[in-house]
Amino acid sequence: MSTVQRMTGARKHLASVLGVLLILLLWQVAAWSLPDFLMPGVPAVLARLADDIGASSFHQALAGTLSRLGAGYGLALLAGIGFGLLAALLSFFREVLRSAIVILQAIPSIAWVPLFLILMGFGSAPIIVVVALAAFFPAALSVMNATESVQRVHVSAARVMGATPWGLLRRVYLPAVMPELITGAQLAFGNAWRALISAEMLIGFGKGLGRSLAYSGEIADMTGVMANILVIAVLAALIDQLVLENLKHRLLRYQYV
C-alpha cells in the first residue's frame, strides 16, 4: 500500500470518527435542553445499552433481525442480479422490467405490509418479502444500467468465438457490471435495513430490534428507545463498512492497487 493510499485511508477514518462525535455532541446538547424523560443523555443510554447487551432478550431480538435480513436481502440480490443480467440478453424484457420497476419502486415498501399479512399471516414471511422487495429494485437497476454500458464490440467478439448466452453472461457481462453491482448491493442494503426495522415495528410479531424499539415507545421508555436506535444505527454501519465495503475491496482489488 502506497503512502498516498495510507493517507487517504487515514483521512476517511478520521472523517468517520469526527462524524460520529458530531452526532453524539448534538444528541447530548439536545439532552441538556430537554427533560430527561423526553431525551436521555448519552451516558445514560450507553449504561442502559451495556445492561441490555448481556440479556437473552437482546440476543433473541438481534438473531431475529439478522436472520430476516439475511433471507430477504439474499433473495433480493439473487433476483436482482439474475433479472438484471437476463435483461442484457433480452432487450424487450429489459424495457418491460424497467417500466415495472419505475412504477413499483415509487410505492414505499412498508405499504405492502397489510397485503402480505393477509396473504401470509403473522410471522417472519411477510417481513422477509417486504425486505426483499425493498432491496430488489436498486440491485436490479444497477445491473441493468451497467449492462447497457458494456461495449458492443466485446459482445460481438464473444459471439464470433462461439460464446453461448450463458457464456456471455458469465465471461462478458458479469465481470463488466461488477463495480456497479457492488454499489447497487450497498444501496440495496440501505433499503433492506430500513424496510426491515419498519416492518418489525409495524407487524409487532416475534423478536426483533424493530419490535424492541416499538415496545419501548409504547411504554414511554425513552432510554430504551434511544438505546435501540443506537444499536440499529451502529449495526447498520458495521455491516456496511466491515462486510460490504471489505467485500467490495476484495472483488475489485484491481481498482485499489
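Residues numbered from 1 in each chain as written. Predicted model: local features only at pLDDT ≥ 70, side-chain atom pairs only at ≥ 80, totals over all residues. Heavy atoms only, no water.

Undergrad: I'd like a description of the UniProt feature "transmembrane region" (unreviewed entry) in the protein chain, backed by residues and values.
TA: Per the UniProt record, the feature "transmembrane region" (unreviewed entry) sits at residues 71-93, 100-121, 127-147, 168-189 and 225-244. Here residues 127-147 is 100% helix and 0% strand, with 31 Å between the C-alpha atoms at its ends. Across residues 225-244, helical content stands at 100% and strand content at 0%; the span's end C-alpha atoms are separated by 27 Å. (UniProt positions renumbered as here; feature names shortened; annotations may be inferred. Helix = DSSP H or I, 4+ residues; strand = E, 2+ residues; numbered from the N terminus.)

Undergrad: Residues and numbers for the environment of Ile110, please.
TA: Tracing the sequence through the fold places Ile110 in the loop between helix H4 (91-104) and helix H5 (113-120). On a C-alpha basis, the gap between Ile110 and Leu133 in space is 9.8 Å, while along the polypeptide they are 23 residues apart.

Undergrad: Can you lay out unusual backbone geometry for me, pointing to particular residues and giving the numbers?
TA: At Ala220, a residue that is not glycine, the phi angle is positive and equals roughly 60°. Positionally, Ala220 belongs in the loop between helix H9 (209-218) and helix H10 (222-251). Its relative accessible area of 58% is what places Ala220 among the exposed residues. (Buried < 20%, exposed > 50% of the residue type's maximum accessible area, 1.4 Å probe, protein only.)

Undergrad: If you had to explain the nonpolar core to someone new, which residues and values would you point to?
TA: Counting residues in each nonpolar core, the largest one holds 51 residues, and the members touching the most others are Leu69, Tyr73, Ile101, Phe189, Trp193 and Leu209. For this core, the leading source of residues is helix H6 (residues 124-148), giving twelve residues. Filtering out sequence-adjacent residues up to four positions away, Ile101 remains in contact with Phe136, Phe137, Ala140, Leu141 and Met144. (Core = buried A, V, L, I, M, F, W, Y, C linked by side-chain atoms within 4.5 Å. Contact = heavy atoms within 4.5 Å.)

Undergrad: Which residues make up the packing of aromatic side chains, and what are the values?
TA: One pass over the structure, following the stated rule, counts six aromatic pairs. Look at Phe83 and Phe93: their rings are 6.0 Å apart centre to centre, the planes differ by 25°, and that puts the pair in the stacked class. Taken together, the positions of Phe83 in helix H3 (residues 56-89) and Phe93 in helix H4 put the pair ten residues apart, joining distant regions of the chain. According to the relative accessible area criterion, Phe83 is partly exposed, its value standing at 37%. With centroids separated by 5.9 Å and ring planes inclined at 90°, the aromatic side chains of Phe83 and Phe136 adopt a geometry described as edge-to-face. Remark: Phe136 occurs in helix H6 and Phe83 occurs in helix H3; sequence separation between them is 53 residues. Classification of Phe136 as buried rests on a relative accessible area of 13%. An aromatic cluster is defined as three or more aromatic residues linked by ring pairs; in this entry it consists of Phe83, Phe93, Phe136 and Phe137. (Phe/Tyr/Trp six-rings, centres within 6.5 Å; stacked < 30°, edge-to-face > 60°.)

Undergrad: Go over the pattern of salt bridges with me, naming the residues and quoting the values.
TA: By the definition in use, this model includes four salt bridges. Ionic pairing is found between Asp52 and Arg48, a salt bridge with its closest N-O pair at 3.4 Å. Residue Asp52 and its partner Arg48 are located together in helix H2 (residues 42-53), separated by four residues, close to a single helical turn. When its relative accessible area of 24% is taken as the criterion, Asp52 is described as partly exposed. The partner of Asp221 in a salt bridge is Arg48, and the shortest N-O contact between them spans 2.6 Å. Separated by 173 residues along the polypeptide, Asp221 in the loop between H9 and H10 and Arg48 in helix H2 bring together distant segments of the chain. In this structure Asp221 comes out as buried when scored by relative accessible area, which is 19%. According to the relative accessible area criterion, Arg48 is partly exposed, its value standing at 26%. One salt-bridge network, in which partners are shared between bridges, spans Arg48, Asp52 and Asp221. (Salt bridge = Lys/Arg side-chain N within 4 Å of Asp/Glu carboxyl O.)

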